[in-house]
Amino acid sequence: MTEIRTVTTLRSKREEIVSSIKLYEDRIKQARADLAHVNACIKIFEASGDPEDMPRYVDVYRLFKRGEQITLCKEALSGGPKSTRELALHVMEAKGLDTGDKVLAKALAAQLIHALRMQASRGKIERMGKKGTALLWRLPSD
């Protein structure tokens, strides 16, 4: 049975339109990516150079020798239970870092949580619970 010419023409037109839509969707995707890059460049060039306007990133991994953080934390915990925030401030103070730097304190506290949890899994430090949103730590009672 032969196909009607109208149906054949409509099918080829349908394929042409589907292909055009795909092309336009790809162009829109590329245009959105270009717009995001232009917006990022505008932010860079509009920045006043003031450090408060710029995002801050902190790399705390190279500030300490191996095991130094835990040693400082255990030293602080010898005086009684402390929260992660208090431990971070103690470590910053012991290293002579600016304790008023909230970004550094938050980054250091995040890193300390992992180290303290590892010590707790080995039984060298105990987790007591929470004080607000901060975890409380203490040395194990013998």
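Computed from a predicted model, the values in this text were never measured in an experiment.

**Topic: the packing of helix α2 (residues 68-77) against helix α4 (residues 102-121)**
At a closest axis distance of 10 Å, the pairing of α2 and α4 adopts a crossing angle of 80°. Accordingly, the angle class assigned to the pair α2 and α4 is roughly perpendicular. Note on element contacts: α4 touches α2 through Leu108, Gln111, Leu112, Ala115, Leu116 and Gln119, opposite Gln69, Ile70, Cys73 and Lys74. For the contact of α2 with α4, the class distribution of residues is six nonpolar, three polar and one charged.

**Digging into the pairing of strand β3 (residues 134-138)**
Of all five residues that make up β3, four are buried, and the element is covered over most of its length. Where strand β1 (residues 82-83) and β3 come together, two bridges link them in antiparallel fashion. By the bridge assignment, Lys82 is partnered in β3 with Trp137. Linkage of strand β2 (residues 126-131) to β3, two consecutive antiparallel strands, is achieved through a turn of two residues, within which Gly132 is found at a positive phi near 70°.

**Description of the confidence of the model for the chain**
Counting all residues, the mean pLDDT for the chain is 85, and 89% of those residues have values of 70 or more. Put simply, β2 is where the chain has its lowest mean pLDDT, 84, and helix α1 (residues 5-46) is where it has its highest, 91.

**What about the pattern of salt bridges?**
Here the structure, examined in full by the defined rule, presents five salt bridges. Here Glu126 makes a salt bridge to Arg138, at a shortest N to O gap of 2.8 Å. Linking Glu126 in strand β2 with Arg138 in strand β3, this pair joins segments that are 12 residues apart in sequence. Among the residues examined, Glu126 registers a relative accessible area of 25% and is labelled partly exposed.

Conventions adopted
Residues numbered from 1 in each chain as written. Predicted model: local features only at pLDDT ≥ 70, side-chain atom pairs only at ≥ 80, totals over all residues. Heavy atoms only, no water. Axes fitted to C-alpha atoms, helices over the stretch in contact; angles between N-to-C directions. Helix = DSSP H or I, 4+ residues; strand = E, 2+ residues; numbered from the N terminus. Parallel < 35°, antiparallel > 145°, perpendicular 65-115°, else oblique. Contact = heavy atoms within 4.5 Å. Nonpolar A, V, L, I, M, F, W, Y, C, P; charged D, E, K, R; others polar. Buried < 20%, exposed > 50% of the residue type's maximum accessible area, 1.4 Å probe, protein only. Pairing = 2+ DSSP bridges. pLDDT = per-residue confidence, 0-100. Salt bridge = Lys/Arg side-chain N within 4 Å of Asp/Glu carboxyl O.

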